[in-house]
Amino acid sequence: MGKKGRFEEFGGQYVPETLMNALCELECAYEECKGDETFQAELRALYQNYAGRPSLLYYAEKLTTLCGGAKIYLKREDLNHTGSHKINNVLGQALLAKKMGKKRLIAETGAGQHGVATATAAALFGFECEIFMGIEDMERQALNVYRMELLGAKVTGVASGTGTLKDAVNEAFRQWVASVEDTYYLLGSVMGPHPYPTIVRDFQKIIGEETKSRHYELEGKLPDCIIACVGGGSNAMGIFYDFISEKNVRLVGAEAAGKGVDTELHAATITKGTPGIFHGMKSYFLQDEQGQIMPVYSLSAGLDYPGIGPEHAALYSTARAEYLPVTDEEAVCAFEVLSKTEGIIPAIESAHALSAAFKIAGEMSANQSIVVCLSGRGDKDVYQIARYRGVNLHE
Amino acid sequence: MNRIEMLFEKIKNKGEKALITFITAGDPDLDTTERLVYAMEEAGADIIELGVPFSDPVAEGPIIQAASGRGLQSGTKLSDIFMLVARLRCRTQMPLLLMMYLNSIFRFGPEKFFEECSKNGIDGVIVPDMPFEEKDEIAVFAEKYNVLLIDLVAPTSKKRIKMIASQSRGFLYCVSSLGVTGQRSSFSTDFKCFFEEIDRHSNVPTAIGFGISTAEQVKELRGYATALIVGSAIVKIVEAYGKDSVMEVKRFVRELKAALNEK
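Residues numbered from 1 in each chain as written. Chains lettered and ligands numbered in written order. Predicted model: local features only at pLDDT ≥ 70, side-chain atom pairs only at ≥ 80, totals over all residues. Heavy atoms only, no water.

Caption draft 1: Geometry of the overall build of chain A. A count of helices and strands for chain A gives 16 helices and 14 strands. Relative to the compact-globule value of 21 Å for 395 residues, chain A shows a C-alpha radius of gyration of 19 Å, a close match. C-alpha atoms of chain A, sized along the principal axes, occupy 55 × 45 × 45 Å. Residues classed as buried in chain A amount to 65% of the 395 residues present. Counting contacts in chain A only where the partners sit at least 6 residues apart, residues at least 24 apart contribute 73% of the total. Distance between charge centroids for chain A: 3 Å, based on 38 positive and 50 negative side chains. (Helix = DSSP H or I, 4+ residues; strand = E, 2+ residues; numbered from the N terminus. Rg over C-alpha atoms; globule rule 2.2 N^0.38 Å. Buried < 20%, exposed > 50% of the residue type's maximum accessible area, 1.4 Å probe, protein only. Contact = heavy atoms within 4.5 Å. Lys, Arg positive; Asp, Glu negative; His and termini not counted. Charge placed at Lys NZ, Arg CZ, Asp CG, Glu CD.)

Caption draft 2: How the structure looks around the environment of A:Gln175. Counting through the fold element by element, A:Gln175 comes out in helix H8 (residues 165–179). Taking the C-alpha atoms as reference points, A:Gln175 and A:Tyr185, separated by 10 residues in sequence, lie 9.1 Å from one another.

Caption draft 3: Just the environment of A:Gly362, in detail. Residues and elements named next belong to chain A. Assignment of secondary structure puts Gly362 in helix H15 (residues 348–362). We classify Gly362 as partly exposed; its relative accessible area is 42%. When the C-alpha atoms of Gly362 and Ile277 are compared, they prove to be 38 Å apart, with 85 residues separating the residues in sequence. For Gly362, the contacting residues outside a window of four places in its chain are Cys67 and Gly68.

Caption draft 4: Seen up close, the sheet that holds strand E4 (residues 71–76) of chain A. All names here are of chain A. Sheet architecture is open: 6 strands sit in the order E3-E4-E14-E9-E10-E13, paired in mixed fashion. Of all the strands in the sheet, the pair left with one neighbour each is strand E3 (57–59) and strand E13 (321–327). Sheet twist, expressed as the average angle between the axes of neighbouring strands with direction ignored, equals 30°. Sheet topology note: the E4/strand E14 (residues 369–374) ladder contains 6 bridges and is parallel. If you follow Lys75 over to E14, its bridge partner there is Cys373. (Pairing = 2+ DSSP bridges. Axes fitted to C-alpha atoms, helices over the stretch in contact; angles between N-to-C directions.)

Caption draft 5: The side chain of A:Thr120, seen in detail. All names here are of chain A. Take Thr120: it is sitting in helix H5 (residues 113–125). Since its relative accessible area comes to 4%, Thr120 is described here as buried. Beyond its immediate chain neighbours, meaning those up to four positions away, Thr120 contacts Tyr50, His81, Thr82, Ile87 and Leu151.

Caption draft 6: Quick peek at helix H11 (residues 232–241) of chain B. Residues and elements named next belong to chain B. Among the residues of H11, those classed as buried are Ser232, Ala233, Ile234, Val235, Ile237 and Val238. Against the buried residues of H11 lie strand E1 (18–24), helix H2 (30–42), helix H3 (62–73), strand E9 (227–230) and helix H12 (246–261). Following H11 by one or two positions, Gly242 adopts a phi angle in the positive range, close to 55°.

Caption draft 7: Molecular detail of the packing of helix H1 (residues 17–34) of chain A against helix H9 (residues 196–204) of chain A. Residues and elements named next belong to chain A. The N-to-C vectors of H1 and H9 enclose an angle of 30°; their axes lie 11 Å apart at closest approach. Viewed along their axes, H1 and H9 adopt a mutual orientation that is roughly parallel. Crossing handedness for the pair H1 and H9: left-handed. Contacts between H1 and H9 involve Leu23, Leu26, Tyr30 and Lys34 from the former and Tyr196, Ile199, Asp202 and Phe203 from the latter. Split by residue class, the contact of H1 with H9 holds 6 nonpolar, no polar and 2 charged. (Parallel < 35°, antiparallel > 145°, perpendicular 65-115°, else oblique. Left-handed = near helix turned anticlockwise from the far one by under 90°. Nonpolar A, V, L, I, M, F, W, Y, C, P; charged D, E, K, R; others polar.)

Caption draft 8: Highlighting the sheet that holds strand E2 (residues 10–14) of chain A. Residue and element names in this part refer to chain A. Judged by pairing direction, the sheet is antiparallel, and its 4 strands sit side by side in the order E1-E2-E12-E11 without closing on themselves. The strands lining the two open edges of the sheet, one partner per strand, are strand E1 (6–7) and strand E11 (274–278). In the sheet, E2 pairs with strand E12 (residues 280–285) via 2 bridges, with the strands oriented antiparallel. Opposite Tyr14, over in E12, you have Gly280 as the bridge partner.

What is shown is where atoms sit, not what they do.
Structural data, given as structure tokens:
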């Protein structure tokens, strides 16, 4: 990192002046907590006693046999409390918000996983909580909306734009500008203005650290390849981070290709995007030649985002990581395969990473291994997958 | 000297205050925008800000968001706006600014953008998602082509006011209160305190914007700054009357200007 908050030329702090002091305060508070043993011990205790860490590194033997090739391990973030990796970041930031004396949490959510995790932490810590969610996503993920309300959060629908994650982020920013003095914006991914990409990555890097040490115990070596799905990119950044300096470990991000990258219906930011400045950061975005942010599409509400975190943009531009497009159809197939072979129903987001792993495993040898970040569980997606397959579920 | 600096020099000599008005370019079409500019100038606007439509205007409230959407709907591109400005320059020498998001400049190419500004007659640019610290990468080109980058300060800027105000050019855009653009029924900012700090450090005239929508508010705030900025309230008239909004906007701007310099 060169200039403050930069990953190569990506990142930065492109926000209205009204928010600058809040970001500076956040950075200071975070730097203090980062080095504070009490804070770190509290967080470790929450991870262990509340979130259920460490999460398992599971050898998917039947899946390995089916794919033929490298051993496939699953990093079971789906087993965390609230059902995804999102809780790692949320507990860290909620603890930070508490130390900063904030009274209220706001957050954006796409699939609802981050919203649920934030509402959970708000309940646990006693914060007021408001979640912004696109109306399109509220329909796709109605169960998560109810779940957040059950946890005591207010869910505010966002109708502007495409009514998805991007618009939820816009609205959360607007709300934050209006209430910055007592409100903490708990951003859910490794994106947005500095210091968020760094903070979120630091709270997620435990995924990679656990993976590394457990893989050593099981295999006596590093894995050969790490695969994770990428929307904003927090579970991917979390599992990649500890391996970036291990040059022999191949890092692969799976991005949402929707109906295909040659159609207009996809969210494949790296494959089809160009550098731009939006949502507080310089990174890659799906945009037209005028710089208007384009509507994106994915069956997966959690990957339905026109940008990607700046550290991923840097990993891509320096060729340290590669990013592969995975279509809705491929992801749904992977969703079904894992359910049937291993008895694990993955989140549709994580199924994108699984699909990429199926392809890559076959090209590798049996003495090599792949770790797939199984970022979330798929209960939330069952209804939608049924609909995708033309099955009509009744209450 | 840039047209903005000349305008403020003139205002100062006359002991008056300046009115800055905002409309979104291409809302509902560029022909209406052109007529609105002339009408606002005739009604007493001293500086006009033209908003460049953007898909995701995160600093705007619902009124300007909708205007931005209408601008995109009418197919308004940055190059069309430059052509409009060139046409405007045949008839007016009033200072013209663009209000736009950084990505539009970045995609157009920063050097080419400021060259076009200078060639067509844009005097200044306001970029709400570009704080002081991120100015450098475009400031070099703005300077090269003598286009002013207008800095903003907000009630939350606190210690940052000194850093920003002491280096500003043209005028300093003082954000009236927290939140996005749009009408407010009242202000809770302690303006006396806010402007004491600003005036201590600022070498350029100040302008208050965000939420000013009535002649009464103009009277309430005019004592604090050299200029007042009115946006959403005008855009709302454009929203209501569309292509037929010219007379209504003119009447409203005249009312604001009268309130601004009323003895």
